[in-house]
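# Working through the structure, step by step
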Amino acid sequence: MSPVDCNIKRPTPPSIIQVLPAEPLLLMGAGPVPVPAEVARAGSMVINHLGDTMNLVVDGVKEMARYVFQTCDDKIYGISGPSSAAMEMAMGNLLWPGRKVLVLKMGTFSNRFAEMAAGVGAQVEVLEAADGQPVPAELVEKKLAQGQYDVVTTVQGETSCGVWTRDLPTIACLAHQAGALMVVDAVCTLSTMPLKKDEWGIDVVFTGSQKGLSSLPGVALIAFSDAAWELLQRHPGPKPHWCLDVTRAQNFWGNHTYHYTAPVTGLLALYEALRLICEEKLEHRFARHRHSSLALQAGIAGMGLNLSIALEHRLNSVLAIDIPTGADGARARRYMAECFKVQISESYGRNIVRIGQMGEQCRSPNLFRTLHALGVAFTHEGIKLDLSRGMAELEEYLIQHAAGVL
Ligand SMILES: Cc1ncc(COP(=O)(O)O)c(C=O)c1O
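Residues numbered from 1 in each chain as written. Predicted model: local features only at pLDDT ≥ 70, side-chain atom pairs only at ≥ 80, totals over all residues.

Across its full length, the protein carries 15 helices and 13 strands. Against the globule reference of 22 Å for 406 residues, the protein gives a C-alpha radius of gyration of 22 Å, in line with a compact fold. In the protein, which comprises 406 residues, the proportion classed as buried is 50%. Contacts in the protein between residues far apart in sequence, at least 24 positions, make up 73% of those at least 6 positions apart. (Helix = DSSP H or I, 4+ residues; strand = E, 2+ residues; numbered from the N terminus. Rg over C-alpha atoms; globule rule 2.2 N^0.38 Å. Buried ≥ 20, exposed ≤ 12 C-beta atoms within 10 Å, placed from the backbone. Contact = placed C-beta atoms within 7 Å.)

Every buried residue of helix α7 (residues 168-177) is listed here: Leu168, Ile171, Ala172, Leu174 and Ala175. For α7, the arc enclosing every buried residue in end-on projection is 160°, short of the 170-degree limit, so these residues lie on one face. Looking at the buried residues of α7, the elements they touch are α6 (137-146), β5 (151-155), β8 (181-185) and α8 (197-200). Of the residues one or two after α7, Gly179 is the one with positive phi, at around 80°. (Arc of directions from axis to C-beta.)

With that settled, the discussion passes to helix α14 (residues 364-380). Helical geometry note: an α-helix holds 3.6 residues per turn, so side chains three or four residues apart project in the same direction. For α14, with 17 residues, the first-to-last C-alpha span of 24 Å sits near the 24 Å given by 1.5 Å per residue. For α14, the complete set of buried residues consists of Asn366, Leu367, Thr370, Leu371, Ala373, Leu374, Gly375, Ala377 and Phe378. In the core, the buried residues of α14 are packed alongside β1 (26-27), α12 (282-302), α13 (329-340), β12 (342-343), β13 (352-356) and α15 (387-401). One or two residues past the end of α14 sits Gly382, with phi positive at roughly 95°. (Expected span 1.5 Å × (residues − 1).)

Membership of the largest hydrophobic core comes to 128 residues, with the highest contact counts inside it found for Ala86, Ala90, Ala117, Val204, Phe206, Ile222 and Leu274. It is helix α11 (residues 264-280) that provides the largest number of residues to this core, a total of 9 residues. Ignoring sequence-local partners within four residues, the contact set of Phe206 consists of Ser83, Ala86, Met87, Ala90, Asp185, Ala186, Ala220, Leu221 and Ile222. (Core = buried A, V, L, I, M, F, W, Y, C linked by C-beta atoms within 7 Å.)

Structural data, given as structure tokens:
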């Protein structure tokens with residue numbers, strides 16, 4: 001008798017090299033982003049998931065994550081999974097039936113908190129922002145005065161529409177005054193702009209590896225304050241998740257013992273990505289991101305395209321650009337990819353395209369290539385733009401403000 005089922009055809013697929021485009025696309029969308037060579041190299045190695053070498057990697061990742069999150073927290077965890085897994089770890093450990101969360105909603109990702117909180121049986125209230133704006137601190141203050149919440153959630157940057165929660169430090173302070181824990185999604189913002197976990201009183205903050213940190217997708221990072229750690233100990237159980245149970249994660253991240261097989265390659269890459277951030281220094285990294293984004297914004301506006309979000313609410317890490325009337329955004333993006341090998345992102349139901357300004361995206365050659373491709377693609381769509389002026393504005397900004405930064 002045959003050891004294999006003859007009814008199941010053996011596939012003969014092409015090799016991955018044949019699957020991938022001959023020339024890789026420059027990833028200028030909302031993530032993942034390009035990774036430095038050191039990170040790519042680190043991510044190509046496999047070591048054992050337990051033992052002395054891995055202990056050094058884990059301790060190093062925790063120490064560097066403390067710097068990047070700006071915290072003295074001990075309870076820092078890497079998670080095998082996307083950023084959403086970190087969000088799920090926060091919601092699944094801090095919330096359960098009988099507990100109440102206030103979700104500040106500005107778009108797709110801030111609303112994901114509400115979906116996850118409902119999934120673990122918590123009572124959820126959503127405070128929604130006006131279109132293209134963050135939820136202002138005054139509105140949060142009013143809402144917190146009307147009810148008792150255990151947790152307040154928000155995003156520092158809402159990637160789906162490019163909105164920045166400028167009031168984050170005030171909102172965290174209000175949440176604390178109201179006796180609630182503050183949980184923050186810093187997925188598209190960490191290491192691209194200031195975030196001071198301890199000073200601002202944030203209890204839980206998390207990020208993914210594939211955006212500002214410029215590492216390989218697949219490992220998320222999360223930090224818990226002592227107050228959050230204390231509260232989650234009171235979970236009545238059973239916990240809804242096993243992999244995402246923080247107390248189990250403490251086995252690996254606190255005690256160097258087995259929880260599940262760690263994402264070894266992703267952790268090695270993350271170690272290297274964090275090391276490069278420490279080497280660059282946060283102050284310089286923030287300046288690089290800010291100037292890169294502002295230069296690109298000057299170029300986009302200079303050629304006659306409209307940045308969707310008003311300046312005071314605009315997120316620098318992900319830019320939303322209105323698709324001009326008469327143009328087809330999907331076709332323009334495809335044109336950019338085919339003709340210029342530049343990939344930017346689609347929208348989440350909005351009439352926009354999005355360009356990322358995170359990590360390795362913020363290098364001047366990438367700005368010129370992306371802006372030029374964007375301008376030509378929309379010109380090809382029949383839109384009248386001043387491409388030369390846009391390119392000149394980009395260059396002028398860099399000369400005036402960003403010499404030696406980018
Ligand atoms: C702000 C924000 N939160 C959460 C997520 C979810 O990230 P992931 O796709 O890694 O789960 C994203 C992804 O773009 C994001 O931008």
